[in-house]
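Report on the structure
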Amino acid sequence: KQEVTQIPAALSVPEGENLVLNCSFTDSAIYNLQWFRQDPGKGLTSLLLIQSSQREQTSGRLNASLDKSSGRSTLYIAASQPGDSATYLCAVNAGGTSYGKLTFGQGTILTVHP
Amino acid sequence: DAGVIQSPRHEVTEMGQEVTLRCKPISGHDYLFWYRQTMMRGLELLIYFNNNVPIDDSGMPEDRFSAKMPNASFSTLKIQPSEPRDSAVYFCASKIGMVTEAFFGQGTRLTVV
């Protein structure tokens, strides 16, 4: 059974700092990994999708990496801003009999203070 | 496209009542997922469909929960009878094919009193 873990559970940083969020998964037989952002009381917004054959994806100040063999992904946020404050979730798209299924981590609550 | 549309946005009901949550996926998407989110358990997959056929319903907590997808543009999640422990935010998501991006609706916040 695929298990996804996110570290840290919460992170508080001053504005302008660069930061890294971590995601690990137990079964490396994945199709891809997706990072989401969730604001309080809202739905999930897709940030980045990395296919299993890719090592990195970038969007603006966000950079996500994937090391499938070690079961790890990181989300790097450059020059953080108060508007980046949200919960960040990673989700693994498994293969095998669970094809297409997304398994989520518990999320990292990020607070960026001015 | 307007994205994944869920209704209602909020539902308050009394224990024992039937609750029906609705989802309209993005047009052309052939995968549809129902998730439940709570503080204690995070996001849990309840059931997902591919081309309107249920693929995995192992996350449905018990027989009180049922889900249908009568056509490619509509799905329902029904709870009968509802219990206070069913209180949560229920999300619907859709995507095209196995390896593309999934898109989520705004969720339905269910409170059972």
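Described in the following lines is the structure provided in the data block. Within each chain, residues carry numbers counting from 1 in the order of the written sequence. Here the convention is simple: chains get letters from A, ligands get numbers from 1, in the order in which they are written. For a predicted model such as this one, the threshold for reporting local features is a pLDDT of at least 70, and the threshold for listing and counting side-chain atom pairs is 80 or more; totals across whole chains, interfaces and linings nevertheless cover every residue. As a rule here, side-chain values come from all non-hydrogen atoms in the structure, and water together with hydrogens is ignored.

Here we look at the sheet that holds strand β3 (residues 19–24) of chain B
Residues and elements named next belong to chain B. The antiparallel open sheet is built from 4 strands, whose spatial order is β1-β3-β8-β7. Two strands bound the open sheet, and with one partner strand each, they are β1 (5–7) and β7 (65–71). Ignoring which end each strand starts from, the neighbouring axes of this sheet average 15 degrees apart. Bridge analysis of β7 against strand β8 (residues 74–79) gives 5 bridges, and the strand direction is antiparallel. Looking at the pairing, F65 lines up with I79 of β8. Note: two strands are recorded as paired if DSSP finds a minimum of 2 bridges between them. Helix numbers and strand numbers start at the N terminus; a helix is a DSSP run of H or I with at least 4 residues, a strand a run of E with at least 2. Axes, fitted as lines to C-alpha atoms, cover a helix only where it is in contact. Angles between the N-to-C directions of the axes lie from 0 to 180 degrees.

Examining the pattern of salt bridges
Residue and element names in this part refer to chain B. The salt bridge criterion pairs a side-chain nitrogen of Lys or Arg with a carboxyl oxygen of Asp or Glu, the two atoms within 4 Å. Scanning the model with the defined rule gives 11 salt bridges over all chains in all. For E83, the salt bridge identified is with R85, shortest N-O distance 2.6 Å. Per-residue accessibility, obtained with a 1.4 Å probe over protein chains only, is compared with the maximum for each type, and a residue is labelled buried under 20%, exposed over 50%, and partly exposed between these values. Exposure remark for E83: the relative accessible area of 22% places this residue in the partly exposed category. Here the salt bridges do not stand alone but share partners, grouping E62, R64, E83, R85 and D86 into one network.

Quick notes on the environment of S75 of chain B
Residues and elements named next belong to chain B. Tracing the backbone shows S75 in strand β8. Given the relative accessible area of 0%, S75 is considered buried. Each C-alpha atom, one on S75 and one on F33, is 9.5 Å from the other, the two residues being 42 residues apart in sequence. Setting aside residues up to four positions removed in sequence, S75 forms contacts with L21, R22, C23, L32, W34, F49, K68 and M69. For this analysis, a polar contact is any N or O atom pair within 3.5 Å, provided that within protein one partner can donate a hydrogen and the other can accept it, and provided that sequence-adjacent residues contribute only side-chain to side-chain pairs. A polar contact of 2.9 Å, which involves the side chain of S75, links it to the side chain of W34. Note on contacts: a residue pair qualifies if any of its non-hydrogen atoms lie within 4.5 Å across the two residues.

A closer look at the interface of chain A and chain B
Contact residues are listed per partner, giving 22 residues for chain A and 24 residues for chain B. Once two parts are brought into contact, the accessible area they lose, counted with a 1.4 Å probe and summed over both, makes up the buried area. Summed over both partners, the interface of chain A with chain B buries about 1800 Å², with 53% contributed by carbon and sulfur atoms. At the boundary of chain A and chain B, one finds 1 salt bridge. With a closest N to O distance of 3.6 Å, K101 of chain A and D56 of chain B form a salt bridge.

Quick look at the environment of G3 of chain B
All names here are of chain B. Within the secondary structure, G3 is located in the segment before β1. Considering only alpha carbons, one finds G3 and I26, 23 residues apart in sequence, at a separation of 5.5 Å. Not counting chain neighbours up to four residues away, the residues in contact with G3 comprise K24 and I26.

Coordinates in, geometry out; function isn't part of it.
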